[in-house]
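Chains, contacts and geometry: an overview
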Amino acid sequence: MRNATTRVILVAAVALTLAGCADGSEPDGQAPTQDSTGQDGVDQPQQRVEAALLTVEDLPDGWMLDLSGATSSRDLTTEPAECGVLLNPANIQEPLAQAEAAFAAGPTGPFINQSVSAFDGNAAELLAQAVDAVDRCAEFSSTGSDGVTTTFRATPLSFPSLGDRTVALRLEGSVGPVQLIVDRVMIAAGSDGVTLGAGGFAPLEADELESIATIAFEKLSGVAG
């Protein structure tokens with residue numbers, strides 16, 4: 001029962017943007033992504049964001065692809081609506097392209113969800129809205145397409161600055177009696193952005209999250225528009 005409850009909660013809450021997955025994996029171990037535009041070169045937005053996704057090889061030992069079909073954070077309804085930016089900047093501006101991946105270190109976590117987005121404009125400006133929302137959204141809720149509602153408490157999280165702008169916060173969520181903690185890190189690089197959601201029943205160690213976020217930023221900056 002605990003495992004089933006965990007999956008429901010993390011589908012609704014951790015889904016780094018925030019981050020649903022396709023239903024299969026690539027032969028080379030690349031995380032599942034959205035369909036390619038079919039155009040040549042990483043300068044194309046969809047190919048660019050796919051190239052920036054983390055893979056299992058980027059993570060510490062023990063992590064694996066999470067192919068459970070988690071709901072994307074963009075499929076969540078947030079109340080108040082302005083607080084959706086805390087789950088993913090793509091919730092307030094439609095991206096030109098987006099790719100997502102999810103990983104798990106075990107059946108009950110911890111979990112990492114990732115969303116990489118290409119925007120028409122400066123991604124750092126979107127993150128400025130996230131900074132403002134942290135103050136206004138001390139408490140908010142999100143409801144998934146499955147009807148599961150998670151109530152969040154948001155607080156700023158100390159985190160190294162990466163890229164053009166970095167926003168980090170801790171989301172303490174509850175679904176009934178079950179509690180979870182998700183640390184969310186959003187990084188802007190030019191017109192592109194990466195959102196990481198990491199946690200479960202307990203947060204990741206700070207140094208592990210910083211290391212993974214740094215790798216995610218380096219992959220993003222290598223292809224950023």
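Everything in this summary refers to the structure shown in the same document. What you see is a predicted model; the values in this text were computed from it and never measured. (Residues numbered from 1 in each chain as written. Predicted model: local features only at pLDDT ≥ 70, side-chain atom pairs only at ≥ 80, totals over all residues. Heavy atoms only, no water.)

**Digging into the pairing of strand E7 (residues 165–175)**
When strand E6 (residues 149–156) meets E7, the two strands line up antiparallel, connected through 6 bridges. Following the sheet pairing, Arg 153 is matched in E7 by Glu 172. Across 11 bridges, the pairing between E7 and strand E8 (residues 178–189) is antiparallel. Of the residues in E8, the one forming a bridge with Val 167 is Met 186. A loop of 2 residues connects E7 with E8, the two strands running antiparallel in sequence, and Gly 176 in this loop sits at a positive phi of about 60°. (Pairing = 2+ DSSP bridges. Helix = DSSP H or I, 4+ residues; strand = E, 2+ residues; numbered from the N terminus.)

**What to know about the nonpolar core**
Ranked by internal contacts, the top residues of the largest apolar core, which has 31 residues, are Phe 103 and Ile 112. Mapped by element, the contributors of at least two residues to this core are strand E3 (97–104), strand E4 (111–118), E8, strand E9 (192–200) and helix H4 (206–221). The greatest single-element share of this core, amounting to 6 residues, is contributed by H4. Counting residues in each nonpolar core, the second largest holds 25 residues, with Cys 83, Ala 90, Phe 152 and Val 182 among its members. (Core = buried A, V, L, I, M, F, W, Y, C linked by side-chain atoms within 4.5 Å. Buried < 20%, exposed > 50% of the residue type's maximum accessible area, 1.4 Å probe, protein only.)

**Side note on helix H3 (residues 123–136)**
Here H3 contains 14 residues, and its C-alpha end-to-end distance of 21 Å stays within 8% of the 20 Å for a straight helix at 1.5 Å per residue. Buried residues along H3 sit against E6, E7, E8 and E9. N-capping of H3 is provided by Asn 122, with a side-chain oxygen placed 2.8 Å from the backbone N of Ala 124. (Expected span 1.5 Å × (residues − 1). Contact = heavy atoms within 4.5 Å. Polar contact = N/O pair within 3.5 Å; in protein donor to acceptor, adjacent residues only side chain to side chain.)

**Observations regarding H4**
Between its terminal C-alpha atoms H4 stretches 22 Å, which fits the 22 Å expected from 16 residues at 1.5 Å a residue. The inward-facing, buried residues of H4 contact E4, E8 and E9.

**Let's talk about the sheet that holds E4**
Read across the open sheet, the 9 strands follow the order E1-E3-E4-E9-E8-E7-E6-E5-E2; overall the sheet is antiparallel. Each end of this open sheet is capped by a strand with a single partner; those strands are strand E1 (64–65) and strand E2 (77–79). Here E3 runs beside E4; their pairing, made up of 8 bridges, is antiparallel. Across the sheet, Ala 97 pairs through a bridge with Ala 118, a residue of E4. Packing of H3 onto the sheet brings it into contact with E6, E7, E8 and E9, and relative to E7 it is tilted by some 45°. (Axes fitted to C-alpha atoms, helices over the stretch in contact; angles between N-to-C directions.)

**Describing the environment of Ile 112**
If you trace the backbone, Ile 112 turns up in strand E4. On the basis of relative accessibility, which here comes to 2%, the residue Ile 112 falls in the buried class. Sequence-wise, Ile 112 and Ala 101 are 11 residues apart; in three dimensions their C-alpha atoms are separated by 8.4 Å.

**Here's the deal with the state of the cysteines**
Tallying each qualifying case throughout the model produces 1 disulfide. Disulfide partner of Cys 83: Cys 137, at an S-S distance of 2.0 Å. Linking Cys 83 and Cys 137, the disulfide has an S-S dihedral of approximately -90° and is accordingly described as left-handed. With Cys 83 in the loop between E2 and E3 and Cys 137 in the loop between H3 and strand E5 (139–143), this residue pair connects regions lying 54 residues apart in the sequence. A relative accessible area of 0% means that Cys 137 is categorised as buried. (Disulfide = S-S within 2.5 Å.)

**Looking at the environment of Cys 83**
Given the relative accessible area of 0%, Cys 83 is considered buried. For the pair formed by Cys 83 and Val 134, sequence separation is 51 residues and the distance between their alpha carbons is 8.0 Å. The contacts of Cys 83, once residues within four sequence positions are left out, are Thr 78, Cys 137 and Phe 140.

**Focus on the pattern of salt bridges**
Under the counting rule described, the total for this entry stands at 4 salt bridges. A salt bridge links Lys 219 to Asp 58, with the shortest nitrogen-to-oxygen separation between them at 2.9 Å. Linking Lys 219 in helix H4 with Asp 58 in the loop between helix H2 (45–51) and E1, this pair joins segments that are 161 residues apart in sequence. The partly exposed category is assigned to Lys 219, whose relative accessible area is 23%. Residues Glu 82 and Arg 136 are paired through a salt bridge, measuring 3.0 Å at the closest nitrogen-oxygen approach. On the criterion of sequence distance, the pair formed by Glu 82 in the loop between E2 and E3 and Arg 136 in helix H3 is long-range, its members being 54 residues apart. Relative accessible area serves as the criterion here: at 48%, Arg 136 is assigned to the partly exposed category. (Salt bridge = Lys/Arg side-chain N within 4 Å of Asp/Glu carboxyl O.)

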